[in-house]
Amino acid sequence: QVQLVESGGGLVQAGGSLRLSCAASRLTFSRYGMGWFRQAPGKEREFVATISWSGSTTLYADSVKGRFTISRDTAKNTMYLQMNSLKPEDTAIYYCALQPRYSSDSVARTGYNYWGQGTQVTVSS
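Residues numbered from 1 in each chain as written. Predicted model: local features only at pLDDT ≥ 70, side-chain atom pairs only at ≥ 80, totals over all residues. Heavy atoms only, no water.

Quick word on the sheet that holds strand β3 (residues 18–25)
Next up, step 1: Sheet architecture is open: four strands sit in the order β1-β3-β8-β7, paired in antiparallel fashion. Every interior strand has two partners, whereas the edge strands, β1 (3–7) and β7 (68–73), have only one. Neighbour to neighbour, the strand axes of the sheet diverge by 15 degrees on average, direction disregarded.
Next up, step 2: Of the pairings in the sheet, the one linking β3 to strand β8 (residues 78–83) comprises six bridges and is antiparallel in character. (Pairing = 2+ DSSP bridges. Helix = DSSP H or I, 4+ residues; strand = E, 2+ residues; numbered from the N terminus. Axes fitted to C-alpha atoms, helices over the stretch in contact; angles between N-to-C directions.)

What follows is the structure, given as structure tokens:
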């Protein structure tokens, strides 16, 4: 069974930075696209960013473009989300997800079939 474990969340002031990690196991990491989603209280889970299996292609939600950077380290089976210039509206539980090879949708939740347990990010004003 594939395992995805997020870490790196926490409490930060507005304007600060955090780096989230997603450690993957029990899979050939380099074969799969990966993504980050987030869910704020009372809201739907929404797309944040995605990275292709090779790392050569990335895509971001408009709300985080220019502030967040997604990356991956195949040798460590780990994906990252560097979050800079954080805003209170970035407060949410952040989830990493794995995109199966048959999926062509990198933005919709339905394009992913494995999810981590989530890590809380809280940005104070």
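Side note on the pairing of strand β4 (residues 33–39)
Next up, step 1: A large share of β4 lies buried, amounting to six of its seven residues.
Next up, step 2: Pairing analysis gives seven bridges linking β4 to strand β9 (residues 92–99), with the strands arranged antiparallel. Each residue of the ladder has a partner; that of Arg38, found in β9, is Tyr94.
Next up, step 3: Sheet analysis places β4 next to strand β5 (residues 46–51), joined by five bridges and oriented antiparallel. In the sheet register, Trp36 faces β5, and the bridge partner there is Ala49.
Next up, step 4: In textbook terms, the turn of a hairpin is the stretch between consecutive antiparallel strands, and for β4 and β5 this stretch comprises six residues, one of which, Gly42, has a positive phi near 75 degrees. (Buried < 20%, exposed > 50% of the residue type's maximum accessible area, 1.4 Å probe, protein only.)

Looking at the pairing of β5
Next up, step 1: Counted residue by residue, β5 has five buried out of six residues, so it is predominantly covered.
Next up, step 2: Where β5 lies against strand β6 (residues 58–60), three bridges are found, and the strand directions are antiparallel. Paired with Ala49 across the bridge in β6 is Tyr60.
Next up, step 3: If you look at the hairpin formed by β5 and β6, you'll find six residues sitting between the two strands, and Gly55 has a positive phi there, around 85 degrees.

Remarks on the side chain of Ser52
Next up, step 1: Take Ser52: it is sitting in the loop between β5 and β6.
Next up, step 2: The exposure class of Ser52 is buried, given its relative accessible area of 18%.
Next up, step 3: At 3.3 Å, the side chain of Ser52 forms a polar contact with the backbone nitrogen of Ser56.
Next up, step 4: Setting aside anything within four residues of it in sequence, one finds Ser52 in contact with Tyr32, Gly33, Thr57 and Arg72. (Polar contact = N/O pair within 3.5 Å; in protein donor to acceptor, adjacent residues only side chain to side chain. Contact = heavy atoms within 4.5 Å.)

Let's talk about the packing of aromatic side chains
Next up, step 1: For the structure shown, the criterion picks out four aromatic pairs.
Next up, step 2: With 5.8 Å between their ring centres and 75 degrees between their planes, Phe37 and Phe47 make a pair best called edge-to-face. Of the two residues, Phe37 is situated in strand β4 and Phe47 in strand β5; the sequence distance between them amounts to ten residues. This pair shows no difference in class: Phe37 is buried, exactly as Phe47 is. (Phe/Tyr/Trp six-rings, centres within 6.5 Å; stacked < 30°, edge-to-face > 60°.)

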